[in-house]
Amino acid sequence: MIIRKLFKFENAHIVRNCTSRRCSRSIHGHSYKIEILLESNFLDNGQMVYDFGLMKTTIKELIDSFDHAITLWSEDNSEYLEFAKKFSERWVMLPVNPSAEQFSRVFFLMVERVLNLTVFQNNEKNIKVNSVIVHETDTGYAQCFREDAYNFENMGKIELKNIIFSEQIKREWSDYNMWDKILNGERFINPKSL
Ligand SMILES: Nc1nc2c(c(=O)[nH]1)N=C([C@H](O)[C@H](O)COP(=O)(O)OP(=O)(O)OP(=O)(O)O)CN2
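Residues numbered from 1 in each chain as written. Predicted model: local features only at pLDDT ≥ 70, side-chain atom pairs only at ≥ 80, totals over all residues.

Helix and strand content of the chain: eight helices and nine strands. Over its C-alpha trace the chain gives a radius of gyration of 17 Å, about what one expects of a compact globule, namely 16 Å for 194 residues. Evaluated residue by residue, the chain yields a buried proportion of 28% over its 194 residues. The long-range fraction of contacts in the chain, counting pairs at least 24 apart against all pairs at least 6 apart in sequence, stands at 70%. (Helix = DSSP H or I, 4+ residues; strand = E, 2+ residues; numbered from the N terminus. Rg over C-alpha atoms; globule rule 2.2 N^0.38 Å. Buried ≥ 20, exposed ≤ 12 C-beta atoms within 10 Å, placed from the backbone. Contact = placed C-beta atoms within 7 Å.)

Below, the structure written as structure tokens:
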């Protein structure tokens, strides 16, 4: 069975080298909608795959890091990167171009890592990320499955340690060290009640 939870954020970017000129040469923004699809062949004590409420802790906080931020590609022009970081205190640096496709791969890997680190408390079993859908506009979206997330050869390597959040984003997290803890493999213990 598959469940899906929708998250939203506003974000700005340039997607270099794409065919659409407005997209590749002008900073512009989108009201993103992110669908996280989880699957399991078991149900928990509440007869749910995974309580939607539990997705509103670390997963939501991570996705919300992108809200009112600019997303940068580490390979972009250094002058542009310096400018963007100077004039936007909320920025995220990715090792890949911030297309809808790459956003969906990034979120797949992030959510999977969080789930792998989670200590479940309500008899949840065998929960996997089925896919992640990133709606960039009302009319265009990308959907990433596992084989896409790990298709490093054809789609570019994404190592979580190469995703960098600005100081202001970290300051706004409930735990300033959240990302470092995720990278270091610290466990997240789910609350027994929300
Ligand atoms: N496959 C992709 N194509 C495009 C992406 C992308 O991430 N993946 N991104 C863009 C631009 O960011 C652009 O802003 C969105 O493109 P488009 O759908 O053409 O935007 P419109 O607002 O013009 O959409 P309409 O609803 O058709 O008016 C470009 N392509």
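What follows is about the site of the ligand. The local shell around the ligand consists of Val 15, Cys 18, Ser 20, Cys 23, His 28, Ser 99, Ala 100, Glu 101, Glu 136, Thr 137, Thr 139 and Gly 140. Looking at the shell around the ligand, its residues break down into four nonpolar, six polar and two charged. (Near = placed C-beta within 6 Å. Nonpolar A, V, L, I, M, F, W, Y, C, P; charged D, E, K, R; others polar.)

Of the strand pairs in this sheet, strand 6 (residues 128–135) and strand 7 (residues 141–145) are connected by five bridges, and their pairing is antiparallel. Of the residues in strand 7, the one forming a bridge with His 135 is Tyr 141. In this antiparallel pair of consecutive strands, strand 6 and strand 7, the connection spans five residues. (Pairing = 2+ DSSP bridges.)

All right, on to the sheet that holds strand 2 (residues 28–39) then. Taken in spatial order, the seven strands of this open sheet run 7-6-2-1-3-4-8, and their pairing is mixed. At either margin of the open sheet sits one strand with a lone partner, and together these are strand 7 and strand 8 (164–165). Pairing between strand 1 (residues 2–13) and strand 3 (residues 69–73): two bridges, direction parallel. When the bridges of strand 3 are listed, Asn 11 appears paired with Ala 69. Packing of helix 4 (residues 100–117) onto the sheet brings it into contact with strand 2, strand 4 (91–94), strand 6 and strand 7, and relative to strand 6 it is tilted by some 150 degrees. (Axes fitted to C-alpha atoms, helices over the stretch in contact; angles between N-to-C directions.)

Here Glu 124 lies in the loop between strand 5 (118–119) and strand 6. Given 22 C-beta atoms within a 10 Å radius, Glu 124 is considered buried. As a C-alpha pair, Glu 124 and Gln 143 span 19 residues in sequence and 25 Å in three-dimensional space. In this structure, Glu 124 is in contact with Asp 44 and Tyr 50, ignoring residues within four places of it in sequence.

For the rest of this paragraph, the subject is the nonpolar core. Counting residues in each nonpolar core, the largest one holds 38 residues, and the members touching the most others are Ile 34, Ile 36, Val 106, Phe 107, Phe 108, Val 111 and Val 132. Mapped by element, the contributors of at least two residues to this core are strand 2, helix 2 (58–64), strand 3, strand 4, helix 4, strand 6 and helix 8 (178–183). At eight residues, the largest contribution of residues to this core is made by helix 4. Each residue touching Val 111, except ones within four places of it in the same chain, is listed here: Ile 36, Ile 59, Val 129 and Val 132. (Core = buried A, V, L, I, M, F, W, Y, C linked by C-beta atoms within 7 Å.)

Turning our eyes to something else, we now look at helix 4. Taking 1.5 Å of rise per residue, the 18 residues of helix 4 would be expected to cover 26 Å, and the 26 Å separating its terminal C-alpha atoms lies within 8% of that figure. Those residues of helix 4 that sit buried are Glu 101, Gln 102, Phe 103, Ser 104, Arg 105, Val 106, Phe 107, Phe 108, Leu 109, Met 110, Val 111 and Leu 115. (Expected span 1.5 Å × (residues − 1).)

Inspection of the secondary structure assignment puts Asp 175 in the loop between helix 7 (167–172) and helix 8. Asp 175 sits in the exposed class, given 11 other C-beta atoms within 10 Å.

Before going further, it helps to spend a moment on unusual backbone geometry. Positive phi, close to 70 degrees, is recorded for Asn 17, a residue that is not glycine. Locating Asn 17 in the fold gives a position in the loop between strand 1 and helix 1 (21–25). Given 10 C-beta atoms within 10 Å, Asn 17 falls into the exposed group. Backbone geometry places His 68, a non-glycine residue, at a positive phi of 50 degrees. On the secondary structure map, His 68 appears in the loop between helix 2 and strand 3.

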